[in-house]
Number of protein chains: 2
Amino acid sequence: MAPPQGANPCDQCALRRLDAFLAPSGDELRTIQSFRVGARRVEAGSSIIDEHRPSPQLFTLYSGWAFRYKTLSDGRRQILSFLLPGDFLGLQDEFADGQTHGVEAVTDVTLCAFPRERLWGLFHAQPKLGYDITWLAAREEKLVDDNLVTTGRRNAGERVAMLLMHLYRRALRVGMERDGWAEFPFNQQHIADALGLSLVHTNKTLRRLQRLGLYRIDGGWLRIMEPRALEALGDYFERPMRPTPLI
Amino acid sequence: MAPPQGANPCDQCALRRLDAFLAPSGDELRTIQSFRVGARRVEAGSSIIDEHRPSPQLFTLYSGWAFRYKTLSDGRRQILSFLLPGDFLGLQDEFADGQTHGVEAVTDVTLCAFPRERLWGLFHAQPKLGYDITWLAAREEKLVDDNLVTTGRRNAGERVAMLLMHLYRRALRVGMERDGWAEFPFNQQHIADALGLSLVHTNKTLRRLQRLGLYRIDGGWLRIMEPRALEALGDYFERPMRPTPLI
DNA sequence: CGACTCATTGATCACCATCAAAGAACGTGG
DNA sequence: CCACGTTCTTTGATGGTGATCAATGAGTCG
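Cut-offs and rules
- Residues numbered from 1 in each chain as written.
- Chains lettered and ligands numbered in written order.
- Predicted model: local features only at pLDDT ≥ 70, side-chain atom pairs only at ≥ 80, totals over all residues.
- Heavy atoms only, no water.
- Near = heavy atom within 4 Å.
- Polar contact = N/O pair within 3.5 Å; in protein donor to acceptor, adjacent residues only side chain to side chain.
- Helix = DSSP H or I, 4+ residues; strand = E, 2+ residues; numbered from the N terminus.
- Axes fitted to C-alpha atoms, helices over the stretch in contact; angles between N-to-C directions.
- Parallel < 35°, antiparallel > 145°, perpendicular 65-115°, else oblique.
- Contact = heavy atoms within 4.5 Å.
- Nonpolar A, V, L, I, M, F, W, Y, C, P; charged D, E, K, R; others polar.
- Buried < 20%, exposed > 50% of the residue type's maximum accessible area, 1.4 Å probe, protein only.
- Pairing = 2+ DSSP bridges.
- Least-squares fit on C-alpha atoms with pLDDT ≥ 70 in both.
- Phe/Tyr/Trp six-rings, centres within 6.5 Å; stacked < 30°, edge-to-face > 60°.
- Lys NZ or Arg CZ within 6 Å of the ring centre and 35° of its normal.
- Core = buried A, V, L, I, M, F, W, Y, C linked by side-chain atoms within 4.5 Å.
- Domains from an automatic or database assignment.
- Buried area = accessible area lost by both parts, 1.4 Å probe.
- Salt bridge = Lys/Arg side-chain N within 4 Å of Asp/Glu carboxyl O.

In the annotation of an unreviewed UniProt entry, chain A is listed under the name Crp/Fnr family transcriptional regulator and assigned to Variovorax gossypii.

Structural data, given as structure tokens:
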């Protein structure tokens, strides 16, 4: 699960073997590798980026699941988006004057770390990588846009349906799948915090959809039994995604 | 209100005189100007970017107010964020395979237009401008993050308080202000759609906060009477923003 | 003046939050 | 190996926030 070690770690990056990611040119790969300053490991439940302290590093999530969140001062928490392998984190800090979000690991997680102060240098040295980072930022915003529609306009059943389909699709995309079951390491508190629902109501809604036979969750794995029904219920039809850059 | 015409329109850009924006180098300004293909005018209530058809152009909003939105298939609408002069629009389309958002003008609006197919060329020619566009994208995502916290975790009074402070601050920043009153061209349907509330409940909540003397709205202008109270109610304390790039 | 849009208010109801408690799963230590 | 603590899930009961329905008022335009 840990990123490769040694002289040219990015050459052997397991993520790059996935269809989900674009192959960079040799030059680009070398630049990425020289931008990289090492790996980091964070265990399940721990903080990757503190909500109120800007991180001196940027990361690409290499393995595991994480999420971005914000909390109000009385403790109410909103999960903004979930992070899977290949996602780039910490970019917002660069421009937000400290008013940003936290990132927490759901499972044990490994990350590739990059020094924030060299971000501009990366754009300068390889404009294509700058373009790719913008791409990743735009994709990330699209996720939040979708989540905002969910919390703003969908009811509980629709929210759950949308989230299950969304996470299932993303897990498949990066190979977190076996025999039609996708990794699903979340507890109901995570789901509630992502959907803007209470824990109790999240539970009741999940059970209702499960009794209808739309999906099953077992031992941290999710299987979608009725994708059409869940898509229709959530009014959420995602097309297969183009391959994206991987920094 | 329209952008300057002539040979070197960006030299006389009124927006660039505001403290809110960073001054580009001469080279950068020339590159921006050559990237620009003209101006466009859209009247209040009309569509700037269609929700389901990717736009062949990118825009910088030059004057007026607009908003980004998504609708569900049964017509429920969620406003994702509001746009003010200086905001850059259409970037997401570049990477989203058509699954994107619409943009609609609240007031009459003018825009500077840029050809999408030359975006990569811009990054290539002037990496600094690529960096700036990433900056703008990250700032935009921060707005959506905040709105997601609002719809997910704030109650009606908190939502309204947060939105009023947010829009007031942003309007002041770009000079849409006179004697402590900020432009406020929104109707209650806009506010409801942005906050994930019904029109009726939005009205009742607005009236309640107004009766408490926290703010006043009159003829399309907003005055905040009790900024501290609104900030505390919304649990939303925004620090003054650094100057941002202007493309 | 009539048509239209938008703001306002009251009445009713449902979805979801909150409160409370018990069950299931798991790890730890006695 | 079992008792116990911890975490997570599940269910029932109750209440409130906000949705929905309905209607009137206010302002504007042709």
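Asker: So what exactly am I meant to see when it comes to the protein's contact with DNA strand C here?
Answerer: Lining the immediate environment of DNA strand C, one finds 13 residues, of which Ala156, Ser198 and His201 of chain A together with Gln188 and Lys204 of chain B sit closest. Counting only the atoms of DNA strand C that lie within 4 Å of the protein, the sugar and phosphate share comes to 68%. Note that a phosphate oxygen of DNA strand C is positioned 3.1 Å from one of the side-chain N or O atoms of Asn203 of chain B. At a separation of 3.2 Å, a phosphate oxygen of DNA strand C approaches a polar side-chain atom of Arg207 of chain B. Contributions of two or more residues to the surface near DNA strand C are made by helix H6 (199-211) of chain A together with helix H6 (199-211) of chain B.

Asker: How should I be thinking about the packing of helix H5 (residues 188-195) of chain A against H6 of chain A in this particular structure?
Answerer: The description of two packed helices rests on the angle between their axes and on the distance between the axes. Residues and elements named next belong to chain A. In the contact formed by H5 and H6, the axes pass within 9 Å of each other and the chain directions differ by 105°. Classified by the angle their axes make, H5 and H6 are roughly perpendicular. Facing Gln188, Gln189, Ile191 and Ala192 of H5, the residues of H6 in contact are Leu199, Thr202, Asn203 and Leu206. Its residues placed into classes, the contact of H5 with H6 shows 4 nonpolar, 4 polar and no charged.

Asker: What is the right way to read the pairing of strand E5 (residues 77-83) of chain B from this model?
Answerer: All names here are of chain B. For E5, the buried fraction is high: 7 of the 7 residues fall into the buried class. With 6 bridges joining them, strand E4 (residues 66-71) and E5 adopt antiparallel strand pairing. In the sheet register, Lys70 faces E5, and the bridge partner there is Gln78. The turn joining E4 and E5, which pair antiparallel and follow one another in sequence, is formed by 5 residues; a positive phi near 105° is taken by Gly75.

Asker: Any chance you could explain the relation of the copies chain A and chain B here in plain terms?
Answerer: In summary, the two copies of the chain are related to each other by a rotation about an axis coupled with a shift along it. Of the transformation placing chain A onto chain B, the axial shift is 0.0 Å and the rotation is 180°, giving an RMSD of 0.0 Å. Overall, the copies show the geometry of a two-fold rotation axis. Mapped onto chain B, 100% of the interface residues of chain A again fall at the interface, so both copies present the same surface.

Asker: Hey, could you run me through the packing of aromatic side chains in this one?
Answerer: When we look at a pair of aromatic rings, we describe it by the centre distance and by the angle of the planes. Scanning all chains against the criterion turns up 22 aromatic pairs over all chains. Taking the centre distance of 5.1 Å and the plane angle of 85° together, the rings of Trp65 of chain A and Phe186 of chain A count as edge-to-face. Pair noted here: Trp65 of chain A is in the loop between strand E3 (57-63) and strand E4 (66-71) and Phe186 of chain A is in the loop between strand E10 (181-183) and H5, with a separation of 121 residues, a long-range link. Phe186 of chain A carries the same exposure label as Trp65 of chain A, and that label is buried. When the centroid spacing of 5.3 Å and the interplanar angle of 90° are considered together, the rings of Tyr131 of chain A and Phe123 of chain B count as edge-to-face. Here Tyr131 of chain A, found in helix H3 (residues 127-153), pairs with Phe123 of chain B, found in helix H2 (residues 119-125), and the two come from separate chains. Here the aromatic cluster, defined as three or more aromatic residues joined through ring pairs, consists of Trp65, Phe67, Tyr69, Phe82, Phe184 and Phe186 of chain A. Here the basic side chain of Arg77 of chain B rests over the ring of Tyr69 of chain B, its NZ or CZ set 5.7 Å away from the ring centre. Sitting over the face of the ring of Phe21 of chain B, Arg173 of chain B holds its NZ or CZ atom 5.9 Å from the ring centroid.

Asker: Sorry, what's going on with the nonpolar core here?
Answerer: A general feature of soluble globular proteins is that nonpolar side chains tend to end up buried together. Counting 118 residues, the largest nonpolar core has Tyr215 of chain A together with Tyr215 of chain B as its most contacted members. Residues contacting Tyr215 of chain A, with those up to four places away along its chain left out, are Leu164, Leu206, Arg207, Leu209, Gln210, Leu222, Arg223, Ile224, Met225 and Leu230 of chain A.

Asker: I would appreciate a short explanation of the domain arrangement of chain A in the present structure.
Answerer: Many descriptions give the size of an interface as the accessible area lost when the pieces come together. All names here are of chain A. The assigned domain composition of chain A is domain 1 (9-149) and domain 2 (152-234). A straight line from the C-alpha centre of domain 1 to that of domain 2 covers 24 Å. On the domain 2 side, the residues contacting the 22 residues of domain 1 number 20 residues. Counting the surface lost from both domain 1 and domain 2, the interface buries some 1,900 Å², and carbon and sulfur atoms represent 62% of this. Here domain 1 is connected to domain 2 by 2 salt bridges. Residues Asp193 and Arg77 are paired through a salt bridge, measuring 2.9 Å at the closest nitrogen-oxygen approach. The interface formed by domain 1 and domain 2 holds 11 residue pairs in polar contact (both at pLDDT 80 or more) in total. Taken together, the elements giving at least two residues each to the side of domain 1 that touches domain 2 come down to strand E5 (77-83) and H3. The element that contributes the greatest number of residues to the side of domain 1 that touches domain 2 is H3, accounting for 6 residues. Class assignment of the residues belonging to the side of domain 1 that touches domain 2 gives a composition of 14 nonpolar, 4 polar and 4 charged.

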